[in-house]
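Structure at a glance
Each chain, written out:
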2 protein chains.
Amino acid sequence: MVYSSENIERLVKVLSSLPSIGRKSAQRLTYHLIKSDPTFIDNFVDALIGLKNNVHLCKICFNYTEDEICPICASEKRKRNIICVVEQPADVLAIEKTNEFNGTYHILHGVMNPLDGISANDIKIRELIQRISNIEEVILALNPSIEGEATSQYIAKLLRPFEIKITRIASGVPIGSSLEFTDELTLSKAIHSRIPF
Amino acid sequence: MVYSSENIERLVKVLSSLPSIGRKSAQRLTYHLIKSDPTFIDNFVDALIGLKNNVHLCKICFNYTEDEICPICASEKRKRNIICVVEQPADVLAIEKTNEFNGTYHILHGVMNPLDGISANDIKIRELIQRISNIEEVILALNPSIEGEATSQYIAKLLRPFEIKITRIASGVPIGSSLEFTDELTLSKAIHSRIPF
């Protein structure tokens, strides 16, 4: 196979090494970029460099931010005595979209996973414990997976001596779905976690 | 919704404006890039700039290339008296992969499409006619769509006075599929284009 351009091949390689982009998609994207306005590529390049140079972890909650402390931790309007613990920065966006939560976050950047060799020391659990003075409630909002569950249990055990309220977000039947098509595990969780009507 | 970083939001916007990448994918890609090795982003940036600065159209066949003339047109091994006409540069890659074709290409960069206001003058048809001296055969390899068919007919009509061989790639039942699941149009084309066994 003859390639007409090394630079095309190079960008195809970079793009196809990204998650969920295969070789064919990378090719289509590259051809799209060649045809696009040169200012679009300039903008793309600036955005990548901006990301690399300016984004780092918030010193308090470990979310991505451009300042030392992220806008949520810095905000006067957020309740600093409630911490919602999540796995990834993307989870913060998901919770913020609900407009339901007015506290602050703590991002673990992963869950404990012995199979992958990820222990409590590899994620931001120690940093959570260090934040715990003057905290009223810790909400555990990890993904309802085996690893998420194990990590939640571990954190809850570490927090128990501090005598703060420890809660978790509810697992159950998603709104809009039907019982018929809900898997047994979710349904049994929903029955187990039933609340007064 | 509180964004923790302008630079994240900016890259998400750029990525989600690309074809087949939605907002969620763009977000996932951006978070992946933050976590990736900084040299990967450097490489990404270099590849984008390299593409923008070095890739342009081959003067002969209008494929993308970095030199004045693309490697296929420049190659001594390719038969210059056979031209395969395709719609897009990506089609050249597809045909090159077969290792079946040893001639040169001509890329139209589109097909005639009156609904979108694309006429014969908007694609590289005139440039094809200008290449036609000393040509033995023109193979039409446009997509088997209505617009591809119309463009093929138009080109064939223009080429007829030159008394060169004009062929087209076969349409028919794809290898590995079954008659049962082949659509009627393809099957009727396959019957119509039957060849001696």
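Reference entry: report on the structure contained in this document.

Parameters and conventions
Residues numbered from 1 in each chain as written. Chains lettered and ligands numbered in written order. Predicted model: local features only at pLDDT ≥ 70, side-chain atom pairs only at ≥ 80, totals over all residues. Heavy atoms only, no water. Salt bridge = Lys/Arg side-chain N within 4 Å of Asp/Glu carboxyl O. Buried < 20%, exposed > 50% of the residue type's maximum accessible area, 1.4 Å probe, protein only. Helix = DSSP H or I, 4+ residues; strand = E, 2+ residues; numbered from the N terminus. Contact = heavy atoms within 4.5 Å. Least-squares fit on C-alpha atoms with pLDDT ≥ 70 in both. Core = buried A, V, L, I, M, F, W, Y, C linked by side-chain atoms within 4.5 Å. Pairing = 2+ DSSP bridges. Right-handed = clockwise from strand over helix to strand, strands pointing away. Axes fitted to C-alpha atoms, helices over the stretch in contact; angles between N-to-C directions. Parallel < 35°, antiparallel > 145°, perpendicular 65-115°, else oblique. Left-handed = near helix turned anticlockwise from the far one by under 90°. Nonpolar A, V, L, I, M, F, W, Y, C, P; charged D, E, K, R; others polar. Phe/Tyr/Trp six-rings, centres within 6.5 Å; stacked < 30°, edge-to-face > 60°.

Applying the stated criterion across every chain yields a total of 15 salt bridges over all chains. We note a salt bridge from Lys-59 of chain A to Glu-68 of chain A, for which the minimum N-O separation is 3.1 Å. Residue Lys-59 of chain A shares its accessibility class with Glu-68 of chain A, and that shared class is exposed. Among the ionic pairs, Glu-96 of chain B bridges to Arg-78 of chain B, the shortest N-O distance being 2.8 Å. Within this pair, whereas Glu-96 of chain B is found in helix α5 (residues 89–98), its partner Arg-78 of chain B is found in the loop between α4 (71–74) and β3 (79–86), the two being separated by 18 residues in sequence. Classification of Glu-96 of chain B as buried rests on a relative accessible area of 5%.

Of the residues making up α5 of chain B, those classed as buried are Pro-89, Asp-91, Val-92, Leu-93, Ile-95 and Glu-96 of chain B. Buried residues along α5 of chain B sit against α2 (23–35) of chain A together with β2 (64–65), α4, β3 and β4 (103–107) of chain B. Directly beyond the C-terminal end of α5 of chain B, a positive phi value near 60° is found at Asn-99 of chain B.

Right, let's talk about the relation of the copies chain B and chain A for a bit. Taken as rigid bodies, chain B and chain A are interconverted by a rotation of 180° and an axial shift of 0.0 Å, the fit giving an RMSD of 0.1 Å. Such a turn and shift between the copies fits a two-fold axis. Of the C-alpha atoms belonging to chain B, the one lying closest to the rotation axis is found on Val-45 of chain B, 2.8 Å away. When the interface residues of chain B are mapped onto chain A, 100% of them are again interface residues, pointing to one common binding face.

Ranked by size, the top nonpolar core spans 43 residues in total, and within it Leu-33, Phe-44 and Leu-48 of chain A together with Phe-44 and Leu-48 of chain B carry the most contacts. At the level of secondary structure, the elements contributing two or more residues to this core comprise α1 (6–16), α2 and α3 (38–54) of chain A together with α1 (6–16), α2 (23–35) and α3 (38–54) of chain B. In terms of residue count, α3 of chain A provides more of this core than any other element does, seven residues in total.

So, about the pairing of β4 of chain B. All names here are of chain B. For β4, the tally of buried residues reaches five of five residues, placing the bulk of the element in the interior. Pairing between β3 and β4: five bridges, direction parallel. In the strand pairing of β4, Cys-84 is matched with Tyr-105. One crossover worth recording links β3 to the parallel β4 by way of α5, and it is right-handed.

Residue and element names in this part refer to chain B. With parallel pairing, the four strands of this open sheet are ordered in space as β4-β3-β5-β6. Sheet topology places β4 and β6 (165–168) at the edges, where each strand pairs with a single neighbour. Direction aside, neighbouring strands of the sheet carry axes that sit 25° apart on average. Relative to strand β5 (residues 137–140), β3 runs parallel, the two sharing four bridges. Residue pairing across strands places Val-85 opposite Leu-140, the latter belonging to β5. The strands touched by α5 within the sheet are β3 and β4, with β4 carrying the most contacts at an inclination of about 155°.

The next thing to look at is the packing of α1 of chain B against α2 of chain B. Helix packing geometry: the angle between the two helix axes and the distance between the axes. Residue and element names in this part refer to chain B. Contact pair α1 / α2: the axes reach a minimum separation of 8 Å and the direction vectors enclose 130°. When the axes of α1 and α2 are compared, the pair comes out oblique. Seen along the crossing, α1 lies across α2 with a hand that is right-handed. Here α1 contributes Ile-8, Glu-9, Leu-11, Val-12, Leu-15 and Ser-16 to the contact with α2, which in turn contributes Arg-23, Ala-26, Gln-27, Leu-29, Thr-30, Tyr-31, Leu-33 and Ile-34. Of the residues contributing to the contact of α1 with α2, the split by class is nine nonpolar, three polar and two charged.

Glancing now at the packing of aromatic side chains. Aromatic ring pairs are reported here in terms of the distance separating the ring centres and the angle at which the planes meet. Counted by the stated rule, this structure contains seven aromatic pairs over all chains. For the pair Tyr-64 of chain A and Tyr-31 of chain B, a centre-to-centre distance of 5.6 Å together with 25° between the ring planes defines the contact as stacked. Residue Tyr-64 of chain A is located in strand β2 (residues 64–65), and its partner Tyr-31 of chain B is located in helix α2; the two belong to separate chains. One exposure class covers both Tyr-64 of chain A and Tyr-31 of chain B, and it is buried. Pairing Phe-40 of chain B with Phe-44 of chain B gives two aromatic rings, centres 6.3 Å apart and planes at 65°, and the pair type is edge-to-face. A residue pair is termed a helical-turn pair when its members lie 3 or 4 positions apart in one helix, as Phe-40 of chain B and Phe-44 of chain B do in helix α3 at four residues. Phe-44 of chain B gets classed as buried once you look at its relative accessible area, which sits at 1%. Here the aromatic residues Phe-40 and Phe-44 of chain A together with Phe-40 and Phe-44 of chain B are joined through ring pairs into a cluster of three or more.

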